[in-house]
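Architecture at a glance
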Amino acid sequence: MIARENPFTATRMHSVRYKFSDGDSLRRLRLRLEASGGRGMIVGPEGSGKSTLLDELCRNFAASGKTVFSLRAQRLNSIGSLRHLLSQLRQASSVECVFIDSSERLNRIIWSYVRWRLRKCKIIAGAAHSPGRLPTLYFTTTSSSLLSSIVKELLPRGAEAPKEISALFEEHGGNVRTALRELYDYYSSADASLELPQTVR
Amino acid sequence: MSFCAIKLSHGRNTFAPAEKLTGSVEWNLNKLPESAEVRLFWYTTGKGDQDVSIVEKRTLIPSMQYQGEFEFVVPEGPFSFSGKLISLVWAIELVCAGADAVARETIVVSPAGKEIQLTKVQ
């Protein structure tokens, strides 16, 4: 199957909205962020939807008329990466709300500098693998049923969902993103068929 | 009920580089859009992150009702192509910002008259 027909392209995956499993909502998340002094972190393991949720939170603030800046932290392993971060912080310091994805890539000293540099921003929200850098707003988790519902959403209407989705979930250790990428690979090697076999491996 | 549409002349959707591309747009909206544009652009889709480039655009008068024509000259490239990992897709898009109205028509840009298929190098 060619890329543009693959139901699991990155573009289609990014179009899937974060699914709250515990009755929480984006509105409540925003209220919690504002109540915690405008500082908060979305925490969870890889492939659990942290970036998706942070992006939705960012768009929510933007839609309500706030000025926003979104940045994805990179490891600082060269002068170029340091310059890039400083340039981004210069732009970010002039907006109301800043959203920092992959904040665990910045060491504690750099993170302290980032917080100081953005001290005048009303909102600083981030995503990280472990808690501690800012008050935890929300823990993202995954489940086999979550993966199943995303797969159903991405497959064309009428196409059958894979039957061994729970095995796929286990094989990827709960990482929904890598599980979906495996489904991309499955379809890219399949002959334009949208029926997955009993086992997706 | 709001509606907006793009129609390509003669129902054509495959164009050679440097060829003229014409069509018409029409909309009937419930609210006045902040702006209205027809864009000629390409994007990639596949396993990796998306790349997008707006090549040309035509600004239209933002009104609640509109009917008019547009014309572009198809650029020299990149050509439309597809492989297993990535596709490059050309499209014409009508965007009425602030009125949630978008219409899109996918086209093929290729000197061969069809999308180029990338095959595995043996």
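Everything below is about the structure printed above this text.
In this text, all values refer to a predicted model and were calculated from it rather than measured experimentally. (Residues numbered from 1 in each chain as written. Chains lettered and ligands numbered in written order. Predicted model: local features only at pLDDT ≥ 70, side-chain atom pairs only at ≥ 80, totals over all residues. Heavy atoms only, no water.)

**Notes on the interface of chain B and chain A**
Counting residues at the interface gives 16 residues for chain B and 13 residues for chain A. Summed over both partners, the interface of chain B with chain A buries about 1,100 Å², with 49% contributed by carbon and sulfur atoms. The largest share of the area that chain B buries against chain A comes from Thr45, Lys47 and Lys84 of chain B, three residues that together contribute 51% of it. In this assembly, chain B and chain A are joined by 2 salt bridges. Linking Arg4 of chain A and Glu115 of chain B is a salt bridge whose minimum nitrogen-to-oxygen distance equals 2.7 Å. Counting across the interface, chain B meets chain A through 10 residue pairs in polar contact (both at pLDDT 80 or more). Elements represented by at least two residues in the side of chain B that touches chain A include exactly strand E4 (35-46) and strand E8 (86-97) of chain B. Considering only residue class, the side of chain B that touches chain A consists of 3 nonpolar, 9 polar and 4 charged. (Contact = heavy atoms within 4.5 Å. Buried area = accessible area lost by both parts, 1.4 Å probe. Salt bridge = Lys/Arg side-chain N within 4 Å of Asp/Glu carboxyl O. Polar contact = N/O pair within 3.5 Å; in protein donor to acceptor, adjacent residues only side chain to side chain. Helix = DSSP H or I, 4+ residues; strand = E, 2+ residues; numbered from the N terminus. Nonpolar A, V, L, I, M, F, W, Y, C, P; charged D, E, K, R; others polar.)

**Considerations on the packing of aromatic side chains**
Residues and elements named next belong to chain A. A full pass over the atoms with the stated rule returns 10 aromatic pairs over all chains. Between Tyr186 and Tyr187, the aromatic rings sit 5.4 Å apart at their centres with planes inclined by 80°, giving edge-to-face as the arrangement. When its relative accessible area of 0% is taken as the criterion, Tyr187 is described as buried. Cluster of aromatic residues (ring-pair linked, three or more members): Phe8, Tyr186 and Tyr187. Note that Arg30 overlies the ring of Phe61, its terminal NZ or CZ placed 3.9 Å from the centroid. Above the face of the Trp116 ring, Arg119 is positioned so that its terminal group lies 4.2 Å from the ring centre. (Phe/Tyr/Trp six-rings, centres within 6.5 Å; stacked < 30°, edge-to-face > 60°. Buried < 20%, exposed > 50% of the residue type's maximum accessible area, 1.4 Å probe, protein only. Lys NZ or Arg CZ within 6 Å of the ring centre and 35° of its normal.)

**Concerning the side chain of Glu115 of chain B**
Relative to the helices and strands, Glu115 of chain B is located in the loop between strand E9 (101-109) and strand E10 (116-117). We classify Glu115 of chain B as buried; its relative accessible area is 11%. At a separation of 3.0 Å, a polar atom in the side chain of Glu115 of chain B contacts the side chain of Gln117 of chain B. The residues contacting Glu115 of chain B, other than those within four sequence positions of it, are Ile2 and Arg4 of chain A together with Ser80, Phe81, Ser82 and Val108 of chain B.

**Description of the sheet that holds strand E3 (residues 20-28) of chain B**
Residues and elements named next belong to chain B. With antiparallel pairing, 3 strands are arranged side by side in an open sheet as E1-E3-E6. What marks the edges here is a single partner per strand, and that holds for strand E1 (3-8) and strand E6 (65-73). Strand-to-strand twist in this sheet, taken as the mean axis angle between neighbours without regard to direction, amounts to 15°. Of the pairings in the sheet, the one linking E3 to E6 comprises 9 bridges and is antiparallel in character. From the neighbouring strand, Asn28 faces E6, where its bridge partner is Gln65. (Pairing = 2+ DSSP bridges. Axes fitted to C-alpha atoms, helices over the stretch in contact; angles between N-to-C directions.)

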